[in-house]
Amino acid sequence: MGSLLIFIAIVAVVVFWAIGIYNGLVTARNGYKNAFAQIDVQLQRRFDLIPNLVEVAKKYMAHERETLEAVIAARSAAQSGLAAAKASPGDPEAMAQLAAAQGQLNAGLGRLLAVAEAYPDLKANQNMMQLTEELTSTENKVAFARQAFNDMVMAYNNRREVFPNSVFAGMFGFQPATLLEIPAEQQAQVRAAPKVEF
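Q: Is there a simple way to explain unusual backbone geometry in this structure?
A: Of all residues except glycine, most have a negative phi; of all peptide bonds, most are trans. With an omega dihedral of 5°, the bond running from Phe163 to Pro164 counts as a cis peptide bond. In this structure, Pro164 sits in the loop between α5 (126–161) and α6 (165–171).

Q: Please explain the environment of Asn158 as it appears in this structure.
A: Note on placement: Asn158 falls in helix α5. For the pair Asn158 and Val142, spaced 16 residues apart in the sequence, the C-alpha separation amounts to 24 Å.

Q: Hey, could you run me through the packing of helix α1 (residues 2–60) against helix α3 (residues 92–116) in this one?
A: Helix-helix packing is characterised by the crossing angle of the two axes and by the distance between the axes. Contact pair α1 / α3: the axes reach a minimum separation of 12 Å and the direction vectors enclose 30°. Our classification of the angle between α1 and α3 gives roughly parallel. Note on packing geometry: the crossing formed by α1 with α3 is left-handed. Here Phe36, Leu43, Arg46, Phe47, Ile50, Leu53, Val54 and Ala57 of α1 come into contact with α3, specifically with Met95, Leu98, Gln102, Leu105, Asn106, Leu109 and Leu112. The residue makeup of the contact of α1 with α3, split by class, is 12 nonpolar, two polar and one charged.

Q: What exactly am I supposed to notice about the side chain of Asp40 here?
A: Inspection of the secondary structure assignment puts Asp40 in helix α1. Residue Asp40 is classed as buried on the basis of its relative accessible area of 14%. The residues touching Asp40, leaving out its near neighbours within four places in the chain, are Leu82 and Lys86.

Q: Mind showing me how you'd approach the environment of Gln38 here?
A: Secondary-structure assignment places Gln38 in helix α1. Overall, the relative accessible area of 39% leaves Gln38 in the partly exposed class.

Q: Explanation requested: the nonpolar core in the structure shown.
A: Most often, soluble globular proteins have nonpolar side chains that are buried together. In this structure, Phe36, Leu112, Leu122 and Phe149 are the most contacted members of the largest nonpolar core, which totals 48 residues. Within the residue set of this core, elements represented by two or more residues are α1, α2 (65–87), α3, α5 and α6. Here this core gets 17 residues from one element, more than from any other, and that element is α1. Ignoring sequence-local partners within four residues, the contact set of Leu112 consists of Leu53, Val54, Ala57, Met61, Thr67, Leu68 and Val71.

Q: Is there a simple way to explain the pattern of salt bridges in this structure?
A: Here the idea is simple: oppositely charged side chains can pair when their charged atoms come close. For the coordinates displayed, the defined rule picks out four salt bridges. A salt bridge links Arg46 to Glu139; its shortest N-O distance comes to 2.6 Å. With Arg46 in helix α1 and Glu139 in helix α5, this pair connects stretches of sequence that are 93 residues apart. With a shortest N-O distance of 4.0 Å, Glu161 and Arg160 are connected by a salt bridge. Take Glu161: its relative accessible area is 48%, and that puts it in the partly exposed class.

Q: Teacher, can you tell me more about the packing of aromatic side chains here?
A: The geometry of an aromatic ring pair is captured by two quantities: the separation of the ring centres and the angle between the planes. Overall, the coordinates contain six aromatic pairs when judged by the stated rule. When the centroid spacing of 5.8 Å and the interplanar angle of 80° are considered together, the rings of Trp17 and Phe168 count as edge-to-face. Placement of Trp17 in helix α1 and of Phe168 in helix α6 is noted, with a sequence separation of 151 residues between them. The exposure class of Trp17 is partly exposed, given its relative accessible area of 46%. Given the relative accessible area of 13%, Phe168 is considered buried. Aromatic pair Tyr22 and Phe172: ring centres 5.0 Å apart, planes at 70°, arrangement edge-to-face. Residue Tyr22 is found in helix α1, and its partner Phe172 is found in the loop between α6 and α7 (184–192); the two are separated by 150 residues along the sequence. According to the relative accessible area criterion, Phe172 is partly exposed, its value standing at 46%.

Thresholds applied
Residues numbered from 1 in each chain as written. Predicted model: local features only at pLDDT ≥ 70, side-chain atom pairs only at ≥ 80, totals over all residues. Heavy atoms only, no water. Helix = DSSP H or I, 4+ residues; strand = E, 2+ residues; numbered from the N terminus. Axes fitted to C-alpha atoms, helices over the stretch in contact; angles between N-to-C directions. Parallel < 35°, antiparallel > 145°, perpendicular 65-115°, else oblique. Left-handed = near helix turned anticlockwise from the far one by under 90°. Contact = heavy atoms within 4.5 Å. Nonpolar A, V, L, I, M, F, W, Y, C, P; charged D, E, K, R; others polar. Buried < 20%, exposed > 50% of the residue type's maximum accessible area, 1.4 Å probe, protein only. Core = buried A, V, L, I, M, F, W, Y, C linked by side-chain atoms within 4.5 Å. Salt bridge = Lys/Arg side-chain N within 4 Å of Asp/Glu carboxyl O. Phe/Tyr/Trp six-rings, centres within 6.5 Å; stacked < 30°, edge-to-face > 60°.

Here you go:
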């Protein structure tokens, strides 16, 4: 009878230990998904600012139609990339698509702002100054949200890869998550993008 109680106690400890590992993995996965939701919020804000920025610029840059259309097209592609990433945050293909689309949008905005430098009236426009300030603020928030997401992904991946968690992660289908990184060729564009100050 005593050995049966000891056996039951050992089984209970093992079961609670396994439950703790599983719950830790779920918590870490939910953490990086929540961090991605913060990226989503900031990118949506960015997407909402872009049409206003283009509308203000249209009045002054009528013959720069190609640049304005490129920004709008890049915004649409970036929104599609975000929708794919929202459906599966951490998925390597979705993160690559989002990073590429955001890189194209960054390049388009950079071109728009570089062209806008040639228009003194546009630079002095109060709406343009306010929109570019909001865009700069949003870009900073996107960067912070991306860093928080990447930190949560790394914590999740570390948790799922350490032993014995790796055994449970494999058994219960906890897939590795992918960081949201800007491709190397686009990092140079982002770093070299003109300042958004007017």
